[in-house]
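A look at the structure
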Amino acid sequence: MAVPTPHGVPDRPAAPQFPPELAKVLRADLAAVADQVEEEVRRQVPEYSRPADGAYRQALRSGVVQALTLFVDHIADPRDDGGAIAATYYELGRGEALEGRSLDALQSALRVGGMCAWRRMGRTAEELGLDSTVVAGLGELAFRTVHEVAQAAASGYAEAQLRSSDELERRRKRLLDLLLEDGPVALEAVQDLAHSARWPVPRTVAVVALAAAPDRREEDRPLAAAGALVDMGSRPPRMLVPDPEGPGGIGGRAFTLALRGRPAAIGPAVAVTEAAQSLRLATRALGLMGRGVLPRQGVVRCSEHLSTLLLHGDEPLLERLRARVLAPLDTVSAGQRDRLAETLLAWLLSGSNVPDVAVRLHIHPQTVRYRLRQLEKLFGDALHDPETRLDLILALRAESLHSRQN
């Protein structure tokens, strides 16, 4: 792999003549130097100071040894371009980018390690009695070696960054599909995929179903919600918001502004493995918004309309209930039916309190009593049966919502 030459450093200057035994002496001391460099890097660079597990320690050690080996190989044979080791650091840089870490820590480690190695190897060169010209040549070679591996790492990091945004988006799309699929979702599977997608697994989530954007360009632009998983290509477009009840969640003004006036239904907050339930209710609520059962504009929160969502969970069954329970009202005119249905629902909800019904409907108490006498003729003793009263409340509530959308 060709490694770009650092700015200001000649391409390949004439290498000084090093004594043949120098490379052999330095190579024999390589393990001890690697120990010292590794210790110094971990001491000075915070990102490398964590307790080292087996894999992490091996990776750090391997990087140190390979950089030192490259330096010694250049001494033994200045014509060696160090291609294999440059490739190693190229992949190391790619790995840092794919793991979401900054390149600064790796570059700092290379500088610290290079200085530490040079101090140790420089002393060895002086102990061998080498003249100042050779020692200066070693310093220049150490400088070049650090730049070579640093440049290789930077190139790998830059290449990965160009591709990582698309790959990250694909991983997050797979994570969203997993969370919203029907059936049980294993937390372990979520955690594994979330780690690769750089998405911290929250305690709770809520799914937002969005109305289609009137402007296609707006629809293609992801909404600005920190940490949200967004799929604008689904129908309806949807987004999964982590910790919706926390700071910066769906209750804040910033979230509403991010919708840009777009109608949306927010599902209830649920455990992360139950996100599909939040999606189902949000989708149902969005459909009811489109029909006028729920407010057509703005943001509808499912948690504030659970009874309406429950009623419309099985609409054919709800229609059967309405037809059976409200059959006595079919014998009166349409206008009279609406007035009687409204009065009956208010009466049932107010605990059969006539003055409360009058206040609620803004009519005279005597008008309420007149309508109740009509209702008693139509329904008879059923008005006082507890089970029938519950059926009546459900059916009349559905009737009220049906009238609102028409």
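Residues numbered from 1 in each chain as written. Predicted model: local features only at pLDDT ≥ 70, side-chain atom pairs only at ≥ 80, totals over all residues. Heavy atoms only, no water.

This model, assessed by the stated rule, comprises 0 aromatic pairs. Across the ring face of Trp347, the terminal group of Arg389 is positioned such that the distance to the ring centre comes to 5.2 Å. (Phe/Tyr/Trp six-rings, centres within 6.5 Å; stacked < 30°, edge-to-face > 60°. Lys NZ or Arg CZ within 6 Å of the ring centre and 35° of its normal.)

This paragraph deals with the packing of helix H14 (residues 354–361) against helix H15 (residues 365–379). When two helices pack together, their arrangement is given by the angle between the helix axes and the distance between those axes. Across the interface, H14 lies against H15 with an axial gap of 8 Å and an inter-helix angle of 110 degrees. Compared by their axis directions, H14 and H15 come out roughly perpendicular. Contacts from Val354, Val357, Ala358 and Leu361 of H14 reach H15 at Pro365, Val368, Arg369, Arg371 and Leu372. In terms of residue class, the contact of H14 with H15 is made up of 7 nonpolar, no polar and 2 charged. (Axes fitted to C-alpha atoms, helices over the stretch in contact; angles between N-to-C directions. Helix = DSSP H or I, 4+ residues; strand = E, 2+ residues; numbered from the N terminus. Parallel < 35°, antiparallel > 145°, perpendicular 65-115°, else oblique. Contact = heavy atoms within 4.5 Å. Nonpolar A, V, L, I, M, F, W, Y, C, P; charged D, E, K, R; others polar.)

Right, let's get into the nonpolar core. Where a protein is soluble and globular, its nonpolar side chains tend to be buried together. Grouped together as the largest cluster of nonpolar side chains are 35 residues, with contacts concentrated most on Leu68, Phe71 and Ile75. Counting only elements with at least two residues in this core, the list comes to helix H1 (20–28), helix H2 (30–44), helix H3 (54–76), helix H5 (103–127) and helix H6 (132–180). The element contributing the most residues to this core is H5, with 9 residues. Residue contacts for Ile75: discarding those within four places in its chain leaves Phe18, Leu22, Ala23, Leu26, Leu138 and Leu141. In this structure, Leu348, Leu361, Val368 and Leu372 belong to the second largest nonpolar core, which totals 23 residues. (Core = buried A, V, L, I, M, F, W, Y, C linked by side-chain atoms within 4.5 Å. Buried < 20%, exposed > 50% of the residue type's maximum accessible area, 1.4 Å probe, protein only.)

Bringing the side chain of Ser278 into the picture now. Its place among the elements puts Ser278 in helix H10 (residues 275–291). A relative accessible area of 0% means that Ser278 is categorised as buried. A distance of 3.0 Å separates the side chain of Ser278 from the backbone nitrogen of Val207, its partner in a polar contact. (Polar contact = N/O pair within 3.5 Å; in protein donor to acceptor, adjacent residues only side chain to side chain.)

Quick look at the pattern of salt bridges now. Tallying each qualifying case throughout the model produces 11 salt bridges. Measuring nitrogen to oxygen at the nearest pair gives 3.8 Å for the salt bridge that ties Asp177 to Arg238. In this pair, Asp177 is assigned in helix H6 and Arg238 in strand E3 (residues 238–242), connecting sequence segments 61 residues apart. Overall, the relative accessible area of 17% leaves Arg238 in the buried class. The salt bridge partner of Arg324 is Asp391, with a shortest N-O separation of 3.3 Å. With a gap of 67 residues between them, Arg324 in helix H12 (residues 315–325) and Asp391 in helix H16 (residues 386–405) connect regions that are remote in the sequence. Salt bridges sharing partners connect three or more residues here, namely Glu319, Arg322, Asp330, Arg337 and Glu399. (Salt bridge = Lys/Arg side-chain N within 4 Å of Asp/Glu carboxyl O.)

Before going further, it helps to spend a moment on the pairing of strand E1 (residues 204–210). Most of E1 sits out of view: 7 of its 7 residues are buried. Side chains Thr204, Ala206, Val208 and Leu210 of E1 all project onto a buried face; the interleaved residues Val205, Val207 and Ala209 project onto the opposite face, where all are buried too. Both E1 and E3 contribute to a ladder of 5 bridges, which runs antiparallel. Its bridge partner being in E3, Val205 is matched across the sheet by Pro242. In this sheet, strand E4 (residues 264–266) lies alongside E1 in antiparallel orientation, the contact comprising 3 bridges. Counterpart to Leu210 in the pairing with E4 is Ala264. (Pairing = 2+ DSSP bridges.)

What follows deals with H12. Within the sequence span of H12, burial applies to Leu318, Leu321, Arg322 and Val325. Across the axial projection of H12, the buried residues extend over an arc of 100 degrees, all falling on one side. Exposed side chains of H12 directed beyond 90 degrees from the buried face belong to Pro316, Arg320 and Arg324. (Arc of directions from axis to C-beta.)

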